[in-house]
Amino acid sequence: MEQELISNKRIAIIGAGPAGCICAKFLKDFGLEVFIFEKDKPLKTLLPTGGGKCNLAHAEFDFKQLAKNYPRGEKFLYSVFSRFCTGDTIEFFDSIGVESYIREDNRIFPVSNSSKDVREKFLKSLKGVNFIRGKCISIMSNGNSYVIKTDKSTYLFDIVVVASGGVKENSFKNLEINIVEPTQSLVGLVTEKNFVQLAGVSLRGVMCDGLKGDILFTHKGISGPLIYTLSSIYARRKFPYDLSLKLVEDIDLQTLLNENSNKEIKNLIGQIVPKSFANFLLEDIGLAAETPCHKINGAIRNKISEALSNFVITVTGKSPEGEIVTCGGVDLDEINSKTMESKKYKNLYFCGEVIDVDGFCGGFNLQNCWSTGFVAANGIIQSLTI
Ligand SMILES: Cc1cc2nc3c(=O)[nH]c(=O)nc-3n(C[C@H](O)[C@H](O)[C@H](O)COP(=O)(O)OP(=O)(O)OC[C@H]3O[C@@H](n4cnc5c(N)ncnc54)[C@H](O)[C@@H]3O)c2cc1C
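Below: a short report on this structure. Note that this is a predicted model, so its numbers are computed, not measured.

This part takes up unusual backbone geometry. For the bond running from Phe 239 to Pro 240, omega is -5°, close enough to zero to count as cis. On the secondary structure map, Pro 240 appears in the loop between α6 (225–233) and β15 (241–245). Its identity as a non-glycine residue notwithstanding, Met 340 has a phi of 65°, on the positive side. Within the element layout of this structure, Met 340 appears in the loop between β17 (335–336) and β18 (341–342). One non-glycine residue, Asn 347, lies in the positive phi region at around 70°. Structurally, Asn 347 is set in the loop between β18 and β19 (348–350). According to the C-beta neighbour criterion, Asn 347 is buried, with 21 such atoms within 10 Å.

Written out as structure tokens, the structure is:
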């Protein structure tokens, strides 16, 4: 980025979330004047990330492998991640005084384990950027520049970066930008069956559709890491749909029952899954929990075996808990992945969650913000330099 600047155009960024702020930082460091419009507090959306610890990124340093963690956007991200990947994220945060570490599960966190600390240091690094408090109501193109209307005033800019996060109500509806219908991803799921008596109970190492992870029963249904991933993969599936869960690795139930013939069934199953879930399962099957194993006939044995290996849950909806990212947004066909510039509108850029990219839990969604934010800044710089 060491070219000579030929002009100093007016640049606006809509949204001071992670994507807008990293874009502003690179533009400012290049000597450009930047204005960020924010309807709330800057970088407030960083605070709840990683349960307050801020899962900044994921320790996958190969850009193609990294892109595999995005059910929407994988191919588009090849070009983006080849320009700014995990190593660059670590370096960027180092440069603003946020040292990071890699956890056992490969998630990257700040050494402080505090999103508040990350936010403070990030904001400090943005000294010189102009923050304008206000809600952007509309962005309109008048050929050579953009008219930005906020709830307080009207402004004229040469270059606009839209970084306003998941599209619910979008401020660029006056522009002909195709939006892929937004829906929620990385959420809990509402189930037909009532698991309220199990709320808080978790099952470890559950398998479903080639994935393995933990699930947690909630007042409304199911949640936990495996469910978040499934909610992401099936973000657009119509309700109701069934999930077939394999609760335990292959076990020889017949042998177990024979070897424990005098044991009450609830105690035997309670060794395999949590006791409260064992009781629930037996009640579901219609078998008294105190039944000694030798009194259980073949048909009931098959039912227990089936329940453990193919526990079917009917999903009826989404429950707003978890990371809650938006699946959908600005259609990727609208954007040049080398610059994040709109293909239809010159000097209009997009970055972060506003675009139709979303990843799994584990730092992937913030990585999308850091990478697309950088690429947008770099695209602007390239367009202004010779
Ligand atoms: C509870 C929770 C935990 C999460 N944890 C993680 C995690 O640990 N790791 C991870 O990778 N991802 C995590 N995510 C996802 C991650 O936070 C988002 O993907 C990321 O914040 C998106 O950044 P963004 O800048 O694109 O949009 P946002 O963070 O949504 O920021 C957009 C900004 O624009 C402002 N804005 C919107 N519209 C307007 C307007 N019209 N005018 C002016 N301002 C406007 C908003 O107020 C906001 O400040 C989590 C999400 C949630 C909800």
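Okay, the site of the ligand next. In the vicinity of the ligand, 34 residues are found, and the nearest of them are Gly 15, Gly 17, Asn 55, Gly 165 and Gly 352. Of all the elements in the fold, those that place two or more residues in the shell around the ligand are α1 (18–29), β2 (34–38), β16 (311–330) and α11 (364–384). For the shell around the ligand, the element with the highest residue contribution is α11, accounting for 4 residues.

What follows concerns the nonpolar core. In this structure, Cys 23, Val 160 and Cys 351 are the most contacted members of the largest nonpolar core, which totals 103 residues. Top element by residues in this core is α11. It accounts for 10 residues. Each of domain 1 (11–178 + 331–384) and domain 2 (187–319) contributes no fewer than three residues to this core. Not counting the four nearest positions on each side in its chain, Cys 351 is found in contact with Ala 19, Cys 23, Val 161, Ala 163, Met 340, Cys 369, Thr 372, Gly 373 and Ala 376.

This part covers helix α9 (residues 275–285). Taken together, the buried positions of α9 are occupied by Phe 277, Ala 278, Leu 281 and Leu 282. For α9, the angular spread of the buried residues around the axis is 135°, confining them to a single face. The elements touched by buried residues of α9 are β12 (202–208), α8 (265–272) and α10 (298–309). Remark: Gly 286 follows α9 within two positions and exhibits a positive phi of approximately 90°.

This brings us to the sheet that holds strand β3 (residues 57–58). Pairing within the open sheet is antiparallel, and its 3 strands lie in the order β3-β5-β4. Of all the strands in the sheet, the pair left with one neighbour each is β3 and β4 (100–102). With 3 bridges joining them, β4 and strand β5 (residues 107–110) adopt antiparallel strand pairing. Considered in β5, the bridge of Ser 100 is made with Pro 110.

What counts and what doesn't
For every chain, the first residue of the written sequence is number 1, and numbering continues from 1 onward in sequence order. At least 70 in pLDDT is required for a residue's local features to be given in this predicted model, at least 80 for side-chain atom pairs to be given and counted, and no such filter applies to totals for whole chains, interfaces and linings, which use all residues. In this description a helix means any DSSP run of H or I spanning at least four residues, a strand means any run of E spanning at least two, and both kinds are numbered starting from the N terminus. Exposure in this text rests on C-beta crowding, where 20 or more other C-beta atoms within 10 Å of a residue's own make it buried, 12 or fewer make it exposed, and counts in between make it partly exposed. The C-beta atoms are placed from the backbone. Placing the C-beta atom from the backbone, one calls a residue near a molecule or strand if that atom lies within 6 Å of it. What makes a nonpolar core is a set of buried Ala, Val, Leu, Ile, Met, Phe, Trp, Tyr and Cys residues, with links drawn between C-beta atoms within 7 Å. What counts as a domain boundary in this text is fixed by an automatic or database domain assignment. With C-beta atoms placed from the backbone, a contact is any residue pair whose C-beta atoms sit within 7 Å. Think of it as the arc spanned by the lines of direction from the helix axis to the C-beta atoms. Two strands form a pair only when DSSP identifies at least two bridges running between them.

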